[in-house]
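Tertiary structure, described
The primary structure of each chain is shown beneath.
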Amino acid sequence: MPVLGKRRLWAGVALAALALSFAGTGQASAADINNAKNAGFESGLTNWTCTAGSGTTVSSPVHSGAAALKATPAGQDNAQCSESVAVKPNSTYTLSAWVQGGYSYLGVTGTGTTDVSTWTPDTTSWKQLSTTFTTGASTTSVSVYTHGWYGQAAYYADDISVYGPDGGGGSDPAPTVPATPTGVSVSSTTSSSVSLAWSAVSGATGYNVYQNGTKITAVTGTSATVTGLAASTSYSFQVTATNSAGESGKSTAVTGTTTATGGGGGGTLPKHAVTGYWQNFNNGATVQKLSAVSSQYDIIAVAFADATSTPGAVSFTLDSSGLGGYTVDQFKADIAAEHAAGKKVIISIGGQNGTISVSDSTSATNFANSVYSLMQTYGFDGVDIDLENGINATYMTQALRSLSSKAGSSLVITMAPQTIDMQSTSNAYFQTALNIKDILTVVNMQYYNSGTMLGCDGKVYGQGTVDFLTALACIQLQGGLAPSQVGLGLPASTSAAGSGYVSPTIVNNALDCLTAGTNCGTFKPSKTYPDLRGAMTWSTNWDAAAGSSWSNSVGAHVHALP
C-alpha cells in the first residue's frame, strides 16, 4: 500500500497506484486519490477540529514535510482530532496514518456500513496504522479521527490518507516549486557563527542555506545559525526554498562577518552558575525575603513581572501583603545586598499564566523600555524570558537587542523554555536564543511538566532520568548554543511541579555526564562540554520548604565543576 504523505497525488503517482488492490473492488482505479485535506498538517489545523484545545502542530517530530499533529490527552479528554472527508457511496477506502508517541487511535465514523478503527500502544518511532472501510449507498461524507488515551502521553500523527474514489472534494493540489526567498539578512554574529533570517515563502516546506556557493544546512524555519566559522572572517550566504516539487533559485547573497571574540552577555558571573526563581507570591512554599535566599544561587529570577494595558509593556508590583509585609524599600535594599555578594537579580517575564505578547515593532519597543525602567527602579540586572504561551522570534529578538543597547554589556538575559520549545532550531524559542547568542547569558530549559521528547540521537526519552536531561541538552549544544549558555532546569521538590522532579543525585549525574562524560545513563554525548553553565530550579521558596536540599546538593556540585 503506498503511503500518501505530503507529496500530493498527481499523475505520476496515480499511475503507480494502478498496481494496488482493495478489498471488494479489484484493482484500484487510476482516479483514486487521497481524499483527506491538509493531510500532512502543513496548514496548521485547517480542516481539523481537536477536542478541548488538545491539538497543535509541531515542526518536530514529523514523518514528512514540515509539520505534524501533536495532541495531548488531559483529564477526561482523549485528545480527539477529526476531519469531515467527502467520499463516494458504495466505495471502499483505505484509511491510514503515521503515528508516534503515546497510545494512538485511528478510525472513521458515519460510513453508512461498519465504522472501523485501529490503534497502537506507545511507540518511539513513526508507525503506520491502516484499515479499510466501505461506504453505504447514500454516504457522501465520513468523519476521520485520531485520538490518544486518558492519562497517557501526547501522541503525534502525520500523513493521514483516505485513499479511494474521488468523493467530489478532490485531493490537495500538487505543489509547485516555491519562489526565491527574499529579505535574507544577518541577524547576529559571534566569533564562530553567523545567524541568518529571511521572509517565509508560500508553499515552502524547507530552506537550504548556502555558504560561499556550497549548501551547508537545511532547515524548516525562516532562520538558521551557521557555526564553526573562523573569527574576523567574512562569508557569503544565500538561501533557497524547497518543497516536494523542487528547489527555488538562490536568494540575493548577503555577507556576514564574524567577530574577533566570543559573545554572551551577563557581565561577571561564575563559570558555573546556579539560577533560582524567587516567588513574589505565596502558594504554599516558604515565604522568603530576598535576603533569605540561599547563597548557593548566583542568579535570582524574581517571578514575575505583570502585563499592562500597553501592548508589550510590563510592570512589577511587590506582593507586600502576601510576603508578610515585605516593603519595596527592603526589597531594593536586599537587591543591593545581593549585588554586594556578587549575585545577579533579574526580573522574570511570563510564567505559566503570563500574558505578555511581543508581536510587532511597537510592542517590542514597549517591552524594552518598560523592562529597562524596572531595572533602573529596582536595580535588576536583566531579564528572564519565561513565556510559556508562545513567542515571536522576530520581535522578541528586536526587543532584547533594544534592551541590550540601553543596558550595555552587563545585561543578564536568561530564558526558560519548555522542552517542546527546544526540540528544533526552527522553533521560535530556539530561534530567539540563537538570534541573541552574542548577548545571551543562559538558557535553562524546564525539564519538567513534560511528555516524552526526542533526544539529539533521534530516540524518545521520558522525563525523570539522566538520559532525558543529557539527550535533550545535547540538542541545544549541537544546535548552536555555547556550552556556557546551557543550563538544566529542574523543580526543587515534588511539590514544585506537576511532574518531572528528580533527586539532586540525578541532576548531578547529568552535569557530570555532560561536562566530563561520567555518570551517564544509556545515552552518552559524543563529546564533553566542560564549560556547561550549570543548573536552575523552580523555586528558591520550594527549595527552602524542603530544607534547601536541592541547592545544598546541586549548588555545591555546580560550583565544584572544573
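This structure is a prediction, so every number in the text was calculated from the model and none was measured.

1. Observations regarding the confidence of the model for the protein
On average, residues of the protein score 88 in pLDDT, and 92% of them reach the 70 mark or higher. Taken together, the stretch residues 1–28 has pLDDT below 50 and engages in 61 contacts with residues farther than four places along the chain or on a different chain.

2. Overview of the nonpolar core
Among soluble globular proteins, nonpolar side chains are generally buried collectively. With 99 residues, the main nonpolar core has Phe 331, Phe 367 and Phe 380 as its most contacted residues. The greatest single-element share of this core, amounting to nine residues, is contributed by helix H6 (residues 466–478). Excluding residues that lie within four positions of it along the chain, Phe 367 makes contacts with Gly 312, Ala 313, Ile 349, Ile 356, Val 358, Val 383, Ile 385, Met 396, Ala 399 and Leu 400. Listed in part, the 26 residues of the second largest apolar core include Val 85, Tyr 155, Ala 157 and Ile 160.

3. Digging into the sheet that holds strand E18 (residues 223–226)
A sheet is described by the order of its strands in space; here three strands give the open sequence E14-E15-E18, paired in antiparallel fashion. Because the sheet does not close on itself, it has two edges, and the strands there are strand E14 (185–189) and E18. Between one strand and the next, the sheet's axes are offset by a mean angle of 25°, whatever the strand orientation. Examined bridge by bridge, strand E15 (residues 194–197) and E18 share four bridges and lie antiparallel to one another. Residue pairing across strands places Ser 195 opposite Thr 225, the latter belonging to E18. Together, E14, E15 and E18 form the strand contacts of helix H5 (residues 428–435), whose direction differs from that of E14 by roughly 70°.

4. Thoughts on the state of the cysteines
On inspection of all chains with the given rule, the structure shows three disulfides. Covalently, Cys 50 is tied to Cys 81 through a disulfide, its sulfur atoms 2.1 Å apart. Measuring the twist about the S-S bond at about 115°, one finds the Cys 50-Cys 81 disulfide to be right-handed. Note that Cys 50 is positioned in strand E4 (residues 49–50) and Cys 81 in strand E7 (residues 81–86), a separation of 31 residues in sequence. This pair shows no difference in class: Cys 50 is buried, exactly as Cys 81 is. Paired by a disulfide, Cys 513 and Cys 520 hold their sulfur atoms 2.1 Å apart. Taking the torsion about the sulfur-sulfur bond, which here is approximately 100°, the covalent link between Cys 513 and Cys 520 counts as right-handed.

5. Focus on the sheet that holds strand E12 (residues 141–147)
Spatial ordering of the open sheet is given by E4-E7-E12-E9-E10, a layout of five strands whose pairing is antiparallel. At either end of the open sheet lies a strand with only one pairing partner, and these are E4 and strand E10 (116–120). As judged from the two bridges shared by E4 and E7, these two strands associate in the antiparallel manner. Bridge pairing in E7 places Cys 50 opposite Cys 81.

Parameters at a glance
- Residues numbered from 1 in each chain as written.
- Predicted model: local features only at pLDDT ≥ 70, side-chain atom pairs only at ≥ 80, totals over all residues.
- Heavy atoms only, no water.
- pLDDT = per-residue confidence, 0-100.
- Contact = heavy atoms within 4.5 Å.
- Core = buried A, V, L, I, M, F, W, Y, C linked by side-chain atoms within 4.5 Å.
- Buried < 20%, exposed > 50% of the residue type's maximum accessible area, 1.4 Å probe, protein only.
- Helix = DSSP H or I, 4+ residues; strand = E, 2+ residues; numbered from the N terminus.
- Pairing = 2+ DSSP bridges.
- Axes fitted to C-alpha atoms, helices over the stretch in contact; angles between N-to-C directions.
- Disulfide = S-S within 2.5 Å.

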